[in-house]
Amino acid sequence: VVSTQSTGSSGINAEYGKQWYQRRVRAVVEEDYSIPGNQQVMSSHTVAQVIETILEPSRQVGPPGLQNSARDEGARHEEEQGIIRVEVIQNSLHTEVPKQHLLWLVGMQNVYVLQLPRMPKEYIARLVFDSKHKVLCLIKNNAVIGGICFRQFPSQGFTEIVFHAVSSNEQVKGYGTHIMNHLKDYHIQCGITNFLTFADEFAIGYFKKQGFTKNITLESHKYHGYIKDYEGATLMQCALNPKICYKELSRVIKRQKEIVQGLVEWRQSKTSKVYPGITSFKKGGRIAIEDIPGVLETGWTPRTEREEENSSINNKYFTTIWAKLKAHSSAWPFLEPVKPEIAPDYYQHIKYPCDLQTIGEKLGQGYYKTRKMFIADVNRMINNCKLYNDATTEYYKCASVLQKFFIHEMKEANLYDP
């Protein structure tokens, strides 16, 4: 007789999550709001007042999570309203089986069969009902609509995620992220802080959003021989932070952003001095940051020697990648600015032109202080080409090839930041 044990997780983290949320939101009060010279910008009492105003219930209009919200906000709200709940259940050969748990396991099996058509039905059934595996189920109207099947290896310090799916008619509601957050909190309570999973090409993007990476930091001897290697899949890892309550993380970040914005608005309301505008740009010149009126008064300081050194190192990487772009066989349309005699109306359609020659000149001037600035110019050059030319043209095809090559080279240098 196969029976199940239930380890309901929906109530385990509820009180802890609320307390963690309150601590992290109010931790903003403890920050040091000062500028060089130890001159206080605003007192902790003022900060507390701003926070209380933001957290005032009367400011909240309508149900949370419906506008400019995190991916899982709607699902979290549904759980608080009792519309959905989460249960962790596990097969057992030793205890009496509640009928409801068996129904949930069967329902979970059916979800996996429908959503993971590449997986053999027998294989799914064997793992879902295996006593060594657990299933975190998402329950709605007393029926399973999604969940995660996993196996824990406490002695090795990791858990393998085997299946993860949500019913097709319940997708795009943040349920996948919500149950993943529940799983993270559940494992932190179990003392396990690493997830491993094999993701196929369609799932890699999703798992990246959930904090997984292809860079495996867990020692190989801890998982080799413990998990099955799936052909054509990529091994990914997620390292958990025990100090975080993941179910409340997006809500805390949202609140902290609101608090910081409130503090900025308060500070701006107390500033009455208006500085004159900058006129040097009209003459095509440049201006040092410290010469911009009002900048020094904000507490801005020049970059440290270490920051300058990092900027110099980045510039060397950018220059190397730029040279590879120039040498690429598909780079010929981008080597120099577009000539009006070749495309008379080009500059009527393209307001911010860019090319490899211009990028090279900027590199020589040390213009690119961050990777985002460098990526932005290369993307602008490629997107301009795609905007102006039809997708069937050689120019458009060269742009696509060069873009893929650029992304690959940036990733190889660990500099890609999409």
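The structure presented is a predicted model; accordingly, all values stated were derived computationally and were not measured.

(A) Molecular detail of helix α9 (residues 246-269). Between its first and last C-alpha, α9 extends 35 Å over 24 residues, near the 34 Å set by a 1.5 Å rise per residue. Listing the buried residues of α9 in full gives Tyr246, Lys247, Glu248, Ser250, Arg251, Val252, Arg255, Ile259, Gly262 and Leu263.

(B) Representation of the packing of aromatic side chains within the structure. Following the criterion strictly, the structure yields 17 aromatic pairs and no others. Taken together, Tyr112, Tyr123, Phe163, Phe198 and Tyr230 form an aromatic cluster joined through their ring pairs. Positioned above the aromatic ring of Tyr367, the side-chain terminus of Lys362 is 4.7 Å from the ring centre.

(C) Representation of a nonpolar patch on the surface within the structure. Residues Trp332, Leu335 and Tyr395 make up a contiguous nonpolar surface patch of roughly 290 Å² in combined accessible area. The topology assignment puts Leu335 in the loop between α10 (305-327) and α11 (346-349).

(D) Broad picture of the pairing of strand β5 (residues 134-140). Among the seven residues of β5, seven are classified as buried, and the element is accordingly described as predominantly covered. Burial along β5 is two-sided: Lys134, Leu136, Leu138 and Lys140 and Val135, Cys137 and Ile139, pointing in opposite directions, are all buried. Sheet topology places strand β4 (residues 84-92) next to β5; seven bridges connect them, and they run antiparallel. Residue Ile84 lies in a different strand from β5, and its bridge partner there is Lys140. Taken together, the seven bridges between β5 and strand β6 (residues 143-153) define a ladder with antiparallel strand orientation. Considered in β6, the bridge of Lys140 is made with Ala143. Where β5 folds back onto β6 in an antiparallel hairpin, the turn is made up of two residues, including Asn141, whose phi is positive at roughly 55 degrees.

(E) Just helix α4 (residues 99-115), in detail. Here α4 contains 17 residues, and its C-alpha end-to-end distance of 25 Å stays within 8% of the 24 Å for a straight helix at 1.5 Å per residue. Where α4 is concerned, the buried positions are His101, Trp104, Leu105, Gly107, Met108, Gln109, Val111 and Tyr112.

(F) Summary view of the side chain of Gln152. Within the element layout of this structure, Gln152 appears in strand β6. Given a relative accessible area of 17%, Gln152 falls into the buried group. Of the polar contacts made by the side chain of Gln152, one reaches the side chain of Lys134; its length is 3.0 Å. Among all residues touching Gln152, those that are not within four sequence positions of it are Lys134, Phe158, Thr159, Tyr186, His187, Cys190 and Ile192.

(G) Quick look at the packing of helix α12 (residues 356-364) against helix α13 (residues 371-388). In contact at an axis separation of 10 Å, α12 and α13 are set at 165 degrees when each is read in the N-to-C sense. By the criterion of interaxial angle, the relationship of α12 to α13 is roughly antiparallel. Read as a crossing pair, α12 and α13 show a hand that is right-handed. Across the interface between the two elements, Leu356, Ile359, Lys362 and Leu363 of α12 pack against Phe374, Asp377, Val378 and Met381 of α13. Looking at side-chain class alone, the contact of α12 with α13 contains six nonpolar, no polar and two charged residues.

(H) Focus on the pattern of salt bridges. Taken as a whole and assessed by the stated rule, the structure comprises 15 salt bridges. Where Glu248 meets Lys247, a salt bridge forms, and the shortest distance between an N and an O atom there is 3.8 Å. Lys247 shares its class with Glu248; the two are buried.

(I) Representation of unusual backbone geometry in the model. One non-glycine residue, Asn141, lies in the positive phi region at around 55 degrees. We classify Asn141 as exposed; its relative accessible area is 71%.

(J) Looking closely at the nonpolar core. Membership of the largest hydrophobic core comes to 28 residues, with the highest contact counts inside it found for Met180, Leu183, Phe195 and Phe212. Looking at this core element by element, the count peaks at six residues for helix α6 (residues 175-190). Judged by nonpolar contacts, the second largest core, of 27 residues, contains Leu105, Tyr112, Val128 and Tyr230.

What counts and how
- The numbers attached to residues start from 1 for each chain and follow its sequence in the written order.
- Given that this is a predicted model, residues contribute local features only at a pLDDT of at least 70 and side-chain atom pairs are listed and counted only at 80 or more, while totals for whole chains, interfaces and linings are drawn from all residues.
- Side-chain descriptors were evaluated using all non-hydrogen atoms of the structure, hydrogens and water having been removed beforehand.
- Strands are runs of DSSP state E lasting at least 2 residues, helices are runs of H or I lasting at least 4, and numbering of each runs from the N terminus.
- How far a helix is expected to stretch is found by multiplying one less than its residue total by 1.5 Å.
- Per-residue accessibility, obtained with a 1.4 Å probe over protein chains only, is compared with the maximum for each type, and a residue is labelled buried under 20%, exposed over 50%, and partly exposed between these values.
- Stacked, tilted and edge-to-face are the three classes assigned to paired rings of Phe, Tyr and Trp, where Trp is represented by its six-membered ring and a pair needs centres within 6.5 Å; plane angles under 30 degrees give stacked, over 60 edge-to-face, the rest tilted.
- Here, a charge over a ring is recorded when the distance from Lys NZ or Arg CZ to the ring centre is within 6 Å and its angle to the ring normal is within 35 degrees.
- Each patch is assembled from residues with relative accessible area greater than 30% and no salt bridge, linking like charges that lie within 9 Å and nonpolar side chains (Val, Leu, Ile, Met, Phe, Trp, Tyr) that lie within 5 Å.
- In these tables, accessible area is a Shrake-Rupley quantity obtained with a 1.4 Å probe, and a residue counts as shielded only by the protein chains included in the view.
- Any carboxyl oxygen of Asp or Glu that lies within 4 Å of a side-chain nitrogen of Lys or Arg is treated as forming a salt bridge with it.
- Any two strands with at least two DSSP bridges between them are considered paired.
- Identification of polar contacts relies on pairs of N or O atoms within 3.5 Å, with a donor-acceptor requirement for protein atoms, meaning one able to donate a hydrogen and the other able to accept it, and with residues adjacent in sequence counted only if both atoms are side-chain atoms.
- The contact definition used throughout considers only heavy atoms, calling two residues in contact when any of these lie within 4.5 Å.
- Here the axes come from fitting lines to C-alpha atoms, over the contacting stretch only for helices, and the angles between their N-to-C directions go from 0 to 180 degrees.
- Here roughly perpendicular refers to angles of 65 to 115 degrees, roughly parallel to angles under 35, roughly antiparallel to angles over 145, and oblique to all remaining angles.
- A crossing counts as left-handed when the near helix is turned anticlockwise from the far one by less than a right angle, and as right-handed when that turn is clockwise.
- For this classification, the nonpolar set comprises Ala, Val, Leu, Ile, Met, Phe, Trp, Tyr, Cys and Pro, the charged set comprises Asp, Glu, Lys and Arg, and every other residue, Gly included, is treated as polar.
- Among buried residues, the Ala, Val, Leu, Ile, Met, Phe, Trp, Tyr and Cys ones that are joined through side-chain atoms within 4.5 Å form a nonpolar core.

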